[in-house]
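Each chain, written out:
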Amino acid sequence: MWGARDVTVRFDGGHGAAPALDAVTVSLPRGEVTALVGGDGAGKTTLLRALVRRVALAGGSVDVPSVERVGFQPATSGVWRTLSVAENVEFVGAAYSMGRKSLTARADELLGRAGLDGARDRLGGQLSGGMRQKLGFCLAMLHEPDLLLLDEPSTGVDPVSRVELWRLVAEAAAAGTAIALATTYLDEAERAATVVALDAGRVLAAADPPGVVAAVPGQVTVSDRRPDGDDPGPADVPPGSDDGPSLPLAARTWRRGTAFHTWTPPGTDAPPGEKVVPDLEDALVVLSLAGASS
Ligand SMILES: Nc1ncnc2c1ncn2[C@@H]1O[C@H](COP(=O)(O)OP(=O)(O)OP(=O)(O)O)[C@@H](O)[C@H]1O
């Protein structure tokens, strides 16, 4: 099975700063989508770049197919801005030595489904951000790779196109491709076979979405007012704040829409509020808080 084992990546040359990835192990089974989730700086991009051997490993190893059997869409979309859409396709097709017939058929299908058919003559740099993302996604999939690595492919993509992109991802998985996809959209993560939650370069949880939720310690309550009173201090205390072993109520409370969600660790009294079964979003916040307080 492809993946990463005990991968550590340092950008500080070993000078003592926290590593960007700290002994990260992930498995990427064929035929499955693995979603990488986590806040800014969690290590999602670095993990994908480690898998395509674009960053040096300070420790551990990656097991991936040969480079021509991997598709990678970087966060910057991977589109050549000075080439037209059609030229981008030609260029990538040639790089993978695709035959004319299969390249034409595959490009027609992908560009059509991504809604880019009418944009073939436009320069990559003249596409909207969402269109560029979609083209980058098509380029990464063009040669039907065995391992597909996608860095936030749907960021900036309109909701209708996101549905179609996800269909293409699901079809590639059904055809046997192993897929790792970094995403900030938890509705996408919910559809993955496995969710890998990263925080500060470490894996907090790796399981199917219900398994991630089941890993939540303690309980979550919801209230329409802040449980810590009318003077809450900062509205959103970021997960991972340096509050020591027992986080104050304010640091365990986060806002979702008009409601306030509070995590209560095991063995502690919950504030007033309705006890709820956490969803994936709650679970990721709690796991990050629990990691910060342990
Ligand atoms: N080229 C680099 N040089 C130095 N530090 C880097 C470099 N790339 C990433 N980092 C650091 O590594 C850590 C992980 O970053 P990474 O980009 O992998 O996170 P991420 O989860 O993809 O975040 P985001 O969602 O914001 O893109 C961060 O602390 C980041 O500052």
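Here we summarise the structure given alongside this text. Note that the structure is a prediction, hence the values are computed from the model and not measured.

## Description of the overall build of the protein chain
Stage number 1. Looking only at helices and strands, one finds eight helices and 13 strands in the protein chain.
Stage number 2. Taken over C-alpha atoms, the radius of gyration comes to 21 Å for the protein chain, in line with the 19 Å a tight globule of 294 residues would show.
Stage number 3. When its C-alpha atoms are laid out on the principal axes, the protein chain stretches across 65 × 40 × 30 Å.
Stage number 4. Counting across all 294 residues of the protein chain, residues that qualify as buried make up 48%.
Stage number 5. Within the protein chain, contacts between residues separated by at least 24 positions form 70% of all contacts whose residues are at least 6 apart in sequence.
Stage number 6. Carbon and sulfur atoms provide 51% of the accessible area of the protein chain, an area that totals close to 13,700 Å².
Stage number 7. Distance between charge centroids for the protein chain: 5 Å, based on 27 positive and 37 negative side chains.

## So, helix 1 (residues 44-51)
Stage number 1. Within helix 1, six of the eight residues are buried, leaving the element largely enclosed by the surrounding structure.
Stage number 2. Restricting attention to buried positions, one finds in helix 1 the residues K44, T46, L47, L48, A50 and L51.
Stage number 3. R53 sits one or two positions beyond helix 1 and adopts a positive phi of about 60°.

## Observations concerning the sheet that holds strand 2 (residues 21-28)
Stage number 1. Taking strand neighbours across the sheet as the criterion, the three strands line up as 2-1-4 in an open arrangement whose pairing is antiparallel. Each edge of the open sheet is held by one strand with a lone partner, namely strand 2 and strand 4 (59-63). Ignoring which end each strand starts from, the neighbouring axes of this sheet average 10° apart.

## Considering the pattern of salt bridges
Stage number 1. Overall, the coordinates contain 15 salt bridges when judged by the stated rule.
Stage number 2. R113 serves as the salt-bridge partner of E171, at 2.8 Å between the closest nitrogen and oxygen. One end of the pair, E171, is in helix 5 (residues 159-174); the other, R113, is in helix 3 (residues 100-113), with 58 residues separating them in the sequence.
Stage number 3. By relative accessible area, E171 is classed as partly exposed at 40%.
Stage number 4. Its salt-bridge partner being E164, residue R167 comes within 2.8 Å of it at the nearest N-O pair. Of the two residues, R167 and E164 are both situated in helix 5; the distance of three residues between them amounts to about one turn of the helix.
Stage number 5. What makes R167 partly exposed here is its relative accessible area of 44%.
Stage number 6. On the basis of relative accessible area, E164 is assigned to the buried category, the value being 17%.
Stage number 7. One network of salt bridges, with partners in common, ties together R106, E109, R113, E164, R167 and E171.

Criteria and cut-off values
Residues numbered from 1 in each chain as written. Predicted model: local features only at pLDDT ≥ 70, side-chain atom pairs only at ≥ 80, totals over all residues. Heavy atoms only, no water. Helix = DSSP H or I, 4+ residues; strand = E, 2+ residues; numbered from the N terminus. Rg over C-alpha atoms; globule rule 2.2 N^0.38 Å. Buried < 20%, exposed > 50% of the residue type's maximum accessible area, 1.4 Å probe, protein only. Contact = heavy atoms within 4.5 Å. Areas by Shrake-Rupley, 256 points an atom, 1.4 Å probe, with all protein chains shown as cover. Lys, Arg positive; Asp, Glu negative; His and termini not counted. Charge placed at Lys NZ, Arg CZ, Asp CG, Glu CD. Pairing = 2+ DSSP bridges. Axes fitted to C-alpha atoms, helices over the stretch in contact; angles between N-to-C directions. Salt bridge = Lys/Arg side-chain N within 4 Å of Asp/Glu carboxyl O.

It is worth stressing that arrangement in space is one thing and function is another; only the former is reported here.
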